[in-house]
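# Structural overview
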Amino acid sequence: FPSHDNMAKSEGALRQMDTDLSTLKEEANAIKTSPGLSGVTGVKGVFPSYPGGKAAKAESLLSGFKDRVKLVGLNLVRQGGGIGAMTEKEWPIVEGMVANIDPVKLGKQGTIEAIDKVVAKMEQFLNNARIQHSESFGDVSKSAPALEFRTPEEVRRAYKAGKIDRESAKAILKDMEV
């Protein structure tokens, strides 16, 4: 039987991951809805932004988002094989995704899509951690908040779009059968 200490650590890791993901989503949304985003993307992004202006704020939001993803990712790598840990092989993938968020080259829409991909990848780590926790300790619904999918169709769309993997989709759909 799994120890109570291991279960408590796992639940703590899930809660931390959920908090980190919520923060990442809030930051991503702030960037995507920032009135200055178009001022730092594409050709406009080549020119320095006016200090204190909308574009400067968008640049700051983007920089903060990238830093947050790196911090969260490194913390997941440091968990060293625990529930929700990111392997040393997975980290370069996420690190590359963050590095590829180049507003000048991608333009506004491409930047938004790149941000969405990073958030989706981090969501996938959380989903996988929930599955791993559930397999190790039983019903995950008591220890971690439910995913943000409201209908099976949303889960299927996320799977088809590559936002979640097959096992995550199966587990989410199974959890929806109440």
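A brief report on the enclosed structure follows.

Thresholds applied
Residues numbered from 1 in each chain as written. Predicted model: local features only at pLDDT ≥ 70, side-chain atom pairs only at ≥ 80, totals over all residues. Heavy atoms only, no water. Helix = DSSP H or I, 4+ residues; strand = E, 2+ residues; numbered from the N terminus. Buried < 20%, exposed > 50% of the residue type's maximum accessible area, 1.4 Å probe, protein only. Areas by Shrake-Rupley, 256 points an atom, 1.4 Å probe, with all protein chains shown as cover. Core = buried A, V, L, I, M, F, W, Y, C linked by side-chain atoms within 4.5 Å. Contact = heavy atoms within 4.5 Å. Axes fitted to C-alpha atoms, helices over the stretch in contact; angles between N-to-C directions. Parallel < 35°, antiparallel > 145°, perpendicular 65-115°, else oblique. Nonpolar A, V, L, I, M, F, W, Y, C, P; charged D, E, K, R; others polar. Salt bridge = Lys/Arg side-chain N within 4 Å of Asp/Glu carboxyl O. Expected span 1.5 Å × (residues − 1). Patch = residues over 30% accessible without salt bridge, like charges linked within 9 Å, V, L, I, M, F, W, Y side chains within 5 Å. Left-handed = near helix turned anticlockwise from the far one by under 90°.

From N to C terminus, the protein includes six helices and zero strands. Reading the secondary structure of the protein in the N-to-C direction produces α-α-α-α-α-α. In the protein, which comprises 178 residues, the share counted as buried stands at 38%. Counting only carbon and sulfur atoms, one obtains 53% of the accessible surface of the protein, whose full area is about 10,600 Å².

Moving on, we get to the environment of Asp102. Within the secondary structure layout, Asp102 lies in the loop between α3 (91–99) and α4 (103–137). Exposure remark for Asp102: the relative accessible area of 25% places this residue in the partly exposed category. Taking the C-alpha atoms as reference points, Asp102 and Gly45, 57 residues apart in sequence, are found 9.6 Å from one another.

Attention now moves to the nonpolar core. Residues Phe65 and Met122 are the most contacted members of the largest nonpolar core, which totals 29 residues. Among the secondary structure elements, those contributing two or more residues to this core are α1 (4–32), α2 (54–78), α3 and α4. Sort the elements by how many residues they give to this core and α4 lands first, with nine residues. Non-local contacts of Phe65, meaning those with residues more than four positions away in its chain, are made with Leu24, Glu27, Ala28, Ile31, Ile101, Ile115, Val118 and Val119. Counting five residues, the second largest nonpolar core, distinct from the first, contains Val155, Ala158, Ile164 and Ile172.

On to the packing of α2 against α3. Between α2 and α3, the least distance of the axes is 10 Å, while the angle of their chain directions is 180°. As far as their axial angle goes, α3 and α2 are roughly antiparallel. Contacts between α2 and α3 pair Lys66, Val69, Lys70, Gly73, Leu74 and Val77 from the former with Trp91, Val94 and Val98 from the latter. Across the contact of α2 with α3, the residue classes break down as six nonpolar, one polar and two charged.

What follows deals with the pattern of salt bridges. In total, this model carries three salt bridges according to the counting rule given. When the shortest N-O distance is used, the salt bridge between Glu27 and Arg68 registers 3.0 Å. Note that Glu27 is positioned in helix α1 and Arg68 in helix α2, a separation of 41 residues in sequence. Residues Lys32 and Asp116 are paired through a salt bridge, measuring 2.6 Å at the closest nitrogen-oxygen approach. Of this pair, Lys32 sits in helix α1 while Asp116 sits in helix α4, and the two are 84 residues apart along the sequence. Classification of Asp116 as partly exposed rests on a relative accessible area of 29%.

The end-to-end C-alpha separation of α2 is 36 Å, in line with the 36 Å expected for 25 residues at 1.5 Å each. Ala55, Ala56, Ala58, Leu62, Phe65, Val69, Val72, Gly73 and Leu76 are the residues of α2 that are buried.

To continue, consider a nonpolar patch on the surface. A cluster of nonpolar side chains, namely Val43, Val46, Phe47 and Val104, defines an oily patch on the protein surface of about 400 Å² accessible area. Topologically, Phe47 is positioned in the loop between α1 and α2. Residue Phe47 is classed as exposed on the basis of its relative accessible area, which comes to 54%.

Right, let's talk about the packing of α3 against α4 for a bit. At a minimum axis separation of 9 Å, α3 and α4 run at an interaxial angle of 160°. By the angle between their directions, the pair α3 and α4 is classed as roughly antiparallel. Judged by the twist between their axes, the crossing of α3 over α4 is left-handed. Of the residues in α4, those touching α3 at Ile93, Val94, Met97 and Val98 are Lys117, Val118, Lys121, Met122 and Phe125. For the contact of α3 with α4, the residue count by class is seven nonpolar, no polar and two charged.

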